[in-house]
Structure formats: C-alpha cells, structure tokens
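Reading the structure
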Amino acid sequence: MRPLELDLDVYQGPFDLLLSLVFREEIDLLEVPLFEVISAYLDELEAKGATADWDEMSEFLLLMSLLVEIKSRLLLPGAEPLLESELTPEQARDQLLARLFEYSKFKSAAERLRHLGLENGSCLLRKPERAATRKLAELDDIAGSEDAMKLREAMLRVIDNRREPDTGHIIQTKVELQRQLRIIRGVLARHGKFSFNSIFGGEEPLVQALSLFALLDLLARGEIRASQNENFADIKVRVRELPKAG
Amino acid sequence: MTDDLELKRDLEALLFASGAPLSMDAMLGALELPGELGKPLVETALAALAAEYCGNGRHGIELVRLAGGWAFRTDARCHAVVSRLFELPEDAARLSPAALECLAVVAYLQPVSRPQIAEIRGVNSDSTVHKLLERELITEVGRSTAAGGAILYGTTQRFEAVFGLAGLDELPALEGFSLTEDQKDELRRRLGLMTVPE
Amino acid sequence: MTDDLELKRDLEALLFASGAPLSMDAMLGALELPGELGKPLVETALAALAAEYCGNGRHGIELVRLAGGWAFRTDARCHAVVSRLFELPEDAARLSPAALECLAVVAYLQPVSRPQIAEIRGVNSDSTVHKLLERELITEVGRSTAAGGAILYGTTQRFEAVFGLAGLDELPALEGFSLTEDQKDELRRRLGLMTVPE
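1. Quick word on unusual backbone geometry
Residues and elements named next belong to chain B.
- Here the bond from Gln-110 into Pro-111 is cis, since omega is -5 degrees, no more than 30 degrees from zero.
- Relative to the assigned elements, Pro-111 resides in the loop between helix H6 (97–109) and strand E3 (112–113).
- One non-glycine residue with positive phi stands out, namely Ala-67, at about 50 degrees.
- Relative to the elements of secondary structure, Ala-67 occurs in the loop between strand E1 (61–66) and strand E2 (69–74).
- Look at Glu-136: it is not a glycine, yet its phi comes out positive at around 55 degrees.
- Its place among the elements puts Glu-136 in the loop between helix H8 (126–134) and strand E4 (138–143).

Here's what the structure looks like:
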C-alpha cells in the first residue's frame, strides 16, 4: 500500500481532510490505511510538542470516526440499519456527498478570497489624518427618542437566550443492567406483559442491548416468558405464572 | 474657478484626508450638499477624478470604489517601493485556511449563525469565528428569531476593504465554484459510494 | 513608460502613503537609489510633482517642503470641508439589536464589567460597549474590587433622557414588578454574576 503523507499544514477540518485524502492522495477509501493516517498524525503531534491544539485534535478524532464508520459500511455491504429511524446506507451516502459538494464550493471560494486579498494587499490606503469625533446631538433633540420598553424586551431576550451550552451532539447514555431489570419488572408488575419495541424501540442501541441482556437474565431466573415470531421481529414478554405451591 | 473644478478639488482633499473609504453620505455631509441635488453632482465629479487617477500608471495613486465608498490607494505598480517604507496590510495573508473558509461561509450566507457555519464546514468553528470577530472582519448582525435566538453574523466594511471589494455584490458567484460533474463522479468513486450495496 | 515618469509615480505613492514629511534619505532608501546618483534624480522628480500639485487650487492637495522633508497636505481652500469630515454628526441610526442588548444589560445590572456583559450575552461585546461609550449612553463608574479591577460601567443621564426616564427606577420592570435591590441581586445570581463573598 502506498504510504500516506499527512500534510498538517493544509489540515482544516473533517470535510477538508476528507476531500484532501480523497483528491490529493488519490486513494479509494477502501484502501485508506487508517492506522497509518493515525500514526502519521500522532508523529506530527509529538513533533509539535506541547503546542498541540485541542480543537484540532478533537476535529481529527471526529473525522477518523467518520471514516471508520463509512469504511465499515463499505466492508459490510449487506449490513442493515439497526433502527428504523437510522438512515439507510444509500441515504447516508447521498447525505454525505451532498454535504461534501456544498462544502467544496466554500473551499474554492475561500481560495479565491485569498487571491483577492493578496492582490489588494499590494495597495496601501492612507492613514486618516485624525480620528473623526462624533458630535453628540443636543439632548433636547433626542430626548425620549427611544422607547424604554425596547430595553425590557432586549433584557428578557438576553435572559431567555442564556441557557446551558448545547451538548446535544454528545450522546450521554447512562445505562445499567440493574436499572433495566427494575424497569422491566416494574412494567410487568403493572401490565403483566409488554412488547419489547413498545418500551425500548426508541432507545439508543446500547440501551436496547442491555435491556435484551436483562430479558435474558429474567428468562434464566424463570421470571418471564418471551416469544418472537421470526428473527429480528418484536419480542413479546409476559410474566411467568409460577405454579401454585402445594 | 468653476463650481465643477471646486467640487472636484474638495473631493480630492476629502478622499486624501480620510484614508478609509468614504461613503457618498459622508462626502455629501462634509460638502454640506443636500442628497437629491448633491448626489449627481458628486458622482460626476468622482467620475472625472477616477478618470484622472485611473490606475494606468501615470499616477502613483488610484481612485477606486471600495467597501461601499471611494478611496485613494497606492498603485499596485509601486508595491515594492511602498513596502520598503511602510507596512502593507497583511490581513489576508495572515488568515489561516480555516479562517478564510469560515469567512467565505459568512460572506456568502450572511446572516448566518455559528451552528450553520459548523454544519457547512463539518467542524466546530467557534474559535475561528472568534478570531474573525477580533479582526473585525465579521460582526454580529442580529439574532435568529427561531432556534433559541442564535447570534447571526455578517461581514464588515473592513472585510470589503481588506479584500478589495466595492461591495458584497462583487463577490464572485458561489455557483461558479461547484465541482464539475467529473469531479463529483470521481469523489463518489473514490469514496466507494458508486456501488450500491445489495 | 520612461524612468522619469516611473520615479515620479513612485514618489507620489510614497508621499501619499506617508502621514509625516518624508526626508530625502527616506525616499532614496525606499527607491533603493544611491545618494550621489539618486539625489539629483529625485530632486528633479519632486520639482515636477510640486509643479503639478502647486497649490493653485486645481488640486485638493499640494506638495510642500515641510520640516526638512516633503509632504502632501490638503489645500487650505478645502479647510472647511475637510474639518467637517472629522466632525461626524450624531449617528442618526437607531440602536442596533446588539447595542440595545448591551445597553439593557448595563441598565438593569449596573455596575457591570465588560467580561460580565460578554458572559451574559454569550458573545464578545467590546466593540458594542465602545460604541455606547462614544454615544455617551454608558460611562465608567468605577473599578471592580475583585477580579483584577475590571472597569465597571453604568448608564448616563443622557441614557435616561434618550429613553424618557426620570430615573433608573423607571426602567420597565422585568417580571411584572420593579426590581428591588434583592431582586436585582437575585437576577445577578441567576445570571452567574454574583461574586461569592469571602
């Protein structure tokens, strides 16, 4: 495989690096040795020493995860989406391409801006002879020209907009087997039965997986019965009636 | 001395003294001319001045439309000589590729919010936006009415001056920067996205 | 283009770009001309330029010997026009949304520092604060005893007049009632501005 040189001077961000990788290095993604990209990057970081930029590093991490995801989709062509809400491979592909096409326009526009700026940079404006001073209007002329209610609206807007930083893009999943066991027992205590999808269908894959573990656990303890018509179909869960003692 | 010559002379003095691009309003104000009457007069005089200082190399300065106004600036031919005595503006040269990219997004899509910029670039752009704000190349222009009232950004007059634009309508059309169909196909192929999985 | 014209052009650019009078040595240096050879050439070119910009009223600027050097300056005939350029009229524009927000923060929470304003608004507000200071709607009212002695801002009497307020207690109530000191503290606390007492 061709050794991959990662020129960090041109590194800007995920889409940029992706485009450079694809166009500059003339490689197909299936042949991109991600491991070499990462070691090249780490070497570069080491050489840079303490000046490493956290923003840049997290961007790199983001891009690598994007590449790993796409590549694994390519390597497993038959893979079906786990959840109905998830994009099909075709949709994901089209979406990524559309974003790359859109992004590439701005990348070229930035290059043109650079040229315009360099051309213009060979001409010099004169420094103003002195700073202009603003003459303030007579108070009588402007008294009451603004409405105090506008201040109130502005202040309320500021207060309203003051929220915790949006961390929506960070998936925070807190999940424990014990908790899933409690949830399942709780639902069964109230309703006696439920279908897996109706309760856990909207959850993250990790939550779904742990819930399934919890089901298996309860099955093993003999607390529930579960049935499924076919592979990947919904799972019906019922409380197992314990044989009456005596 | 005719009025025409006097007006031309006054404008020359104003443009020289100002340094920064002068808007029509600023000129009319200094000349104490009312807008409807004064504007055509000033425009005629500016055209005459611009014909004289037209950047044909006869003068060391040229009169150009810049950042929504007019300004004298040194002719590009004198670049080497001027740069030996004075620091030429380096704003454009000092901007990182990431900053330029971010600036391009703001220039073409303004008013635009930080999340929108990040969406286009595929990367968080907060620190880049901050740098552009500090350099006064972009500025706040309001708040989005939707989506939590995100702050919206636009470019400044300084941006136009730094990149030698008379106005935003002088930005080259964005569509002209689209990838060609061949490049798009190449991108699809290289990403291995041409073959649809079964 | 002859060498003479080129030299004249370069000198025009140099003199235009320089705010202060340029000495012969500075000009020779920028032109990279050796003194004995260059000096007569430059003097000839300067004489030609000075004849063109001779202060006869044809141009708005004139070239003069000044303080042991040469300089362009505006023609005395244009004095009145030029001085009006540097006396800006009161900004007739209404307060921008950013300015209003900034002003509201100062009005309701004064005294307040620039970092605090930025913190509350979630965006650097330095240039907005600067504009409000220029319009004398806010003013420095002291320095914070904590946190490196940041400058604190409050509103002015001019602010009260512009908004038709007899005093600060006439600011429209934020939550249906006027703010008492306790409520103001509560607001400051909610906005994260309360300094923890030692």
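2. Side note on the sheet that holds strand E5 (residues 151–155) of chain B
All names here are of chain B.
- Strand order across the open sheet formed by three strands is E3-E5-E4, with antiparallel pairing between neighbours. With partners counted over all chains shown, the strands left at the sheet margins are E3 and E4, one partner each.
- With two bridges connecting them, E3 and E5 associate as antiparallel partners. Residue pairing across strands places Val-112 opposite Tyr-153, the latter belonging to E5.

3. Topic: the sheet that holds strand E3 (residues 224–228) of chain A
All names here are of chain A.
- As summarised here, the arrangement of the three strands in space is E2-E4-E3, forming an open sheet in which the pairing is antiparallel. Bordering the open sheet on either side are strand E2 (193–195) and E3, each of which pairs with just one other strand. Here the strands of the sheet are splayed against their neighbours by 15 degrees on average, with no regard to which way each runs.
- Strand direction decides the pairing type here: E2 and strand E4 (residues 235–239), joined by three bridges, are antiparallel. Looking at the pairing, Lys-193 lines up with Arg-238 of E4.
- Along the sheet, helix H7 (residues 177–191) contacts E2, E3 and E4; its crossing angle with E2, the most-contacted strand, is approximately 120 degrees.
- Helix H9 (residues 205–221) rests against E2, E3 and E4 of the sheet, and its axis sits at about 125 degrees to E3.

4. Concerning the side chain of Ser113(B)
All names here are of chain B.
- Relative to the helices and strands, Ser-113 is located in strand E3.
- For Ser-113, a relative accessible area of 6% puts it in the buried group.
- Setting aside residues no more than four positions away along its own chain, Ser-113 makes contact with Ala-150, Ile-151 and Leu-152.

Rules used throughout
Residues numbered from 1 in each chain as written. Chains lettered and ligands numbered in written order. Predicted model: local features only at pLDDT ≥ 70, side-chain atom pairs only at ≥ 80, totals over all residues. Heavy atoms only, no water. Helix = DSSP H or I, 4+ residues; strand = E, 2+ residues; numbered from the N terminus. Pairing = 2+ DSSP bridges. Axes fitted to C-alpha atoms, helices over the stretch in contact; angles between N-to-C directions. Contact = heavy atoms within 4.5 Å. Buried < 20%, exposed > 50% of the residue type's maximum accessible area, 1.4 Å probe, protein only.

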